[in-house]
Amino acid sequence: MKLISYKLIYCFIAIFSLILYLTISLNHLNTNISDHHKTSSSDISSYYYYSFTSIIDYLFRVDSGGDKIDNSIEGIKRNNSSTLTKELEEELEEGLEENQQKQNNNNNNNMTKTIKLLTYNVFIRPPGIKNNENDWKDERIECLIADSLSPHVNYNKGSKSAQGIPNTVYSVDKTSFPYIPYFSPWKYPVYGKLMEVTGMNKKAKSPPSPSPLKQQNLHNNSSDYQTIAPSKSILAQYDIICLQELFSAFSYRQRRFIEKAEKQGFQYYATSPSPPYLRSTFLVDGGLTVISKYPIVVSDYFLYEQGVDSDMLSSKGVLYTKIKVVPTGSSNDDENFIHLFTTHMQASYAPKSDGSKTVKASATQDQASNYKNDNIRLIQLNQLREFIFEKTFKDKSKIILAGDLNVNGRVSKDDPKDGESYLQMLELLSHTDQRDLPTGKKIFSIQDLLRDDFNGEHPPTVGDIKLLKDKQQEIPLETVLTNPNDFGCMKRLDYILLFNREFETSMDGGDEVSFKVPSPTQLPKQSQHKSVVTPLKGSTKVDPFFIQGFPFTQLSDHYGVSTILQINK
């Protein structure tokens, strides 16, 4: 009688378990569908079928004393009195193993993430220093990083120019645009007043009555513009950004830029220091800034040999940051970090050309000046290589150089292949001439991510052109911010370079360096190692940052260059 009572109780429990099983299965299935999970309904049913079968077997296998019997896989194998058949046992084991494998695959997929890296010469020079009548510094800063202008983007159906530049155009809510005060280098823009920008004039107006954001009214009545949410600003789409020409000297603009970036997840930053005014002839800082959504654990700055011409006033150098791209990873694992270097090197100034005798004489002087500029840049390239080596030779973290190197990658305006200056730059950055290392020894192999993704060609990043409708005449694409000497120059000056070590450090933690000797037998072995940080092939591109609705059509005189880094951990 007692045994019958137990069985009646277990029958009710079994029925309740069946109802619970069906309810959980349906809920789980709905959740997976809504979350775009890859588990199929048949997989879910199989899993819960085996779970339910185990419950039934567990409830009904009792001895006279009512003690429960072990129904785990190991228990089934140990218990000869199990009522499950051998076929059901095998199915149960296979089902659980299959489920575990899928869970492991999902976990592995979840561990792979991407980081968007951008380098961008933003052309925010100190007050009073500009190429043309007005370079709209404050307006461009607000367009780039303000979090209240509801930026939209028109990808123009993925179309590109003849040079491979995406025809991507941004737009912001001008009804929310702030009033730019007269002393804008030292005063913050005032939100709540409408800033009307018409031609070269600007005036403050009372803000309009609040109204819901209407995309068709804000973006030239075009439905092609779409929000870039959840990013609150144009630059917030990226994770790590290297900026050049964001100067801190004599204005609050750099500070204001960083404050706005911090509110959008860029909790870490590093900047080039102010120059030692009393101990040097530098007038302004180097204009370098790195903002990051990932922890910057180390930063440093190396000051180059002083430049010539107008560059001699800027304390140009290279800004180094070590960034932990796997924040939850071990600090003892080199592959959880990247070494990121950004720089802005000595410029070469293009000779003028309009045919007059005066201009011809000036052009001769400019060519002589460029000879001096080029020599200084060669010195800076050697200093850059030595600084990169010094910071990276003791570990295995990935090495990336991103910035405006002021070296034209192209043969000429019309030939996008490797130019002589470009090849010379790669040679200097990859081979050492230090006293304590063999002279001319190759210490780095360098991968140019943009060139690789453009099939060995160099798209322009400054001085782009466009063809008129008849396609017979070329005109400069941008003339408001660009120096007239660079109109239509079609130069590629901005880079993201990946440095691969051609040497190995000793295992005792010392400073001794031994160099690799590449051989055919080593190559397969090296290729088997999958690095934690790898560039996503095909992801490196030129970001022109075109914008509509302002006197300027670009957010800088340079284009940006971006890539996607895969974190396989």
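For the structure itself, look to the data block above.
What comes next is a walk through the structure. (Residues numbered from 1 in each chain as written. Predicted model: local features only at pLDDT ≥ 70, side-chain atom pairs only at ≥ 80, totals over all residues. Heavy atoms only, no water.)

Okay, the pattern of salt bridges next. Pairs may arise between side chains of opposite charge once their charged atoms sit close together. In the structure shown here, the tally under the stated rule is 18 salt bridges. A salt bridge links D374 to R377; the shortest N-O distance between them is 2.7 Å. Residue D374 and its partner R377 are located together in helix α8 (residues 357-392), separated by 3 residues, close to a single helical turn. Relative accessible area serves as the criterion here: at 8%, R377 is assigned to the buried category. Across the pair K541 and D543 runs a salt bridge whose closest N-O atoms are separated by 2.4 Å. What makes D543 buried here is its relative accessible area of 5%. Within this structure, D138, E142, R253, R256 and K260 form a network of salt bridges that share partners. (Salt bridge = Lys/Arg side-chain N within 4 Å of Asp/Glu carboxyl O. Helix = DSSP H or I, 4+ residues; strand = E, 2+ residues; numbered from the N terminus. Buried < 20%, exposed > 50% of the residue type's maximum accessible area, 1.4 Å probe, protein only.)

With that out of the way, let us pick up the sheet that holds strand β10 (residues 296-303). The 6 strands are arranged β10-β11-β12-β13-β17-β14 in an open sheet whose pairing can be described as mixed. What marks the edges here is a single partner per strand, and that holds for β10 and β14 (444-448). Within this sheet the neighbouring strands show an average axis-to-axis angle of 20°, counted without direction. On top of the sheet, helix α9 (residues 420-430) reaches β13 (398-404), β14 and β17 (494-501); it is set at about 140° to β14, its chief contact. (Pairing = 2+ DSSP bridges. Axes fitted to C-alpha atoms, helices over the stretch in contact; angles between N-to-C directions. Contact = heavy atoms within 4.5 Å.)

In this section: helix α5 (residues 137-145). For α5, the tally of buried residues reaches 9 of 9 residues, placing the bulk of the element in the interior. Along α5, the residues that are buried comprise K137, D138, E139, R140, I141, E142, C143, L144 and I145.

Before going further, it helps to examine the pairing of strand β1 (residues 112-124). The pairing of β1 with strand β23 (residues 560-568) spans 8 bridges and is classified as antiparallel. Across the sheet, T114 pairs through a bridge with Q566, a residue of β23. Judged from the 6 bridges that link them, β1 and strand β7 (residues 240-246) form a sheet pairing that is parallel. Directly across from Y120, in β7, lies its bridge partner L243.

Bringing the packing of aromatic side chains into the picture now. Evaluation of the coordinates by the stated rule reveals 19 aromatic pairs. A cation sits over an aromatic face here: K174 above F550, 5.1 Å from the ring centre. (Phe/Tyr/Trp six-rings, centres within 6.5 Å; stacked < 30°, edge-to-face > 60°. Lys NZ or Arg CZ within 6 Å of the ring centre and 35° of its normal.)

Another point: the environment of T289. Note on placement: T289 falls in strand β9 (residues 289-292). Sequence separation between T289 and Q254 is 35 residues, and the spatial gap between their C-alpha atoms is 8.6 Å. The residues touching T289, leaving out its near neighbours within four places in the chain, are I241, C242, L243, L246, Q254, I258, A270, T271 and L319.

The 4 strands are arranged β6-β2-β3-β22 in an open sheet whose pairing can be described as mixed. The sheet terminates laterally at β6 (226-227) and β22 (546-547), the two strands that pair on one side only. Here strand β2 (residues 152-154) pairs with β6 via 2 bridges, running antiparallel. Considered in β6, the bridge of H152 is made with T227.

By secondary structure assignment, the location of S171 is in strand β3 (residues 169-171). Residues S171 and L149, spaced 22 residues apart in sequence, show a C-alpha to C-alpha distance of 9.0 Å. Of note is the side chain of S171, whose polar atom sits 2.7 Å from the side chain of Q548. (Polar contact = N/O pair within 3.5 Å; in protein donor to acceptor, adjacent residues only side chain to side chain.)

A separate point is the packing of α5 against helix α7 (residues 253-262). Here α5 crosses α7 at 15°, and the two axes come no closer than 10 Å. With respect to each other, α5 and α7 are oriented roughly parallel. Classified by chirality, the crossing of α7 by α5 is right-handed. Each of K137, D138, I141, E142 and I145 in α5 lies in contact with α7, whose residues at this interface are R253, R256, F257, K260 and A261. Tallied by class, the residues present in the contact of α5 with α7 amount to 4 nonpolar, no polar and 6 charged. (Parallel < 35°, antiparallel > 145°, perpendicular 65-115°, else oblique. Left-handed = near helix turned anticlockwise from the far one by under 90°. Nonpolar A, V, L, I, M, F, W, Y, C, P; charged D, E, K, R; others polar.)

A few words now on α7. For α7, the buried fraction is high: 7 of the 10 residues fall into the buried class. Inspection of α7 places R253, Q254, R256, F257, I258, K260 and A261 among the buried residues, and these make up the whole buried set. If you follow the buried residues of α7, they end up packed against β1, α5, β7, β8 (268-271) and β9.

Okay, unusual backbone geometry next. Following A229, the chain continues into P230 via a peptide bond in cis, with omega recorded as 10°. The topology assignment puts P230 in the loop between β6 and β7. One non-glycine residue, W136, lies in positive phi territory at about 50°. When you line up the elements, W136 lands in the loop between β1 and α5. Its identity as a non-glycine residue notwithstanding, F545 has a phi of 55°, on the positive side. Topologically, F545 is positioned in the loop between β21 (541-543) and β22. Using a relative accessible area of 1% as the deciding quantity, one classes F545 as buried.

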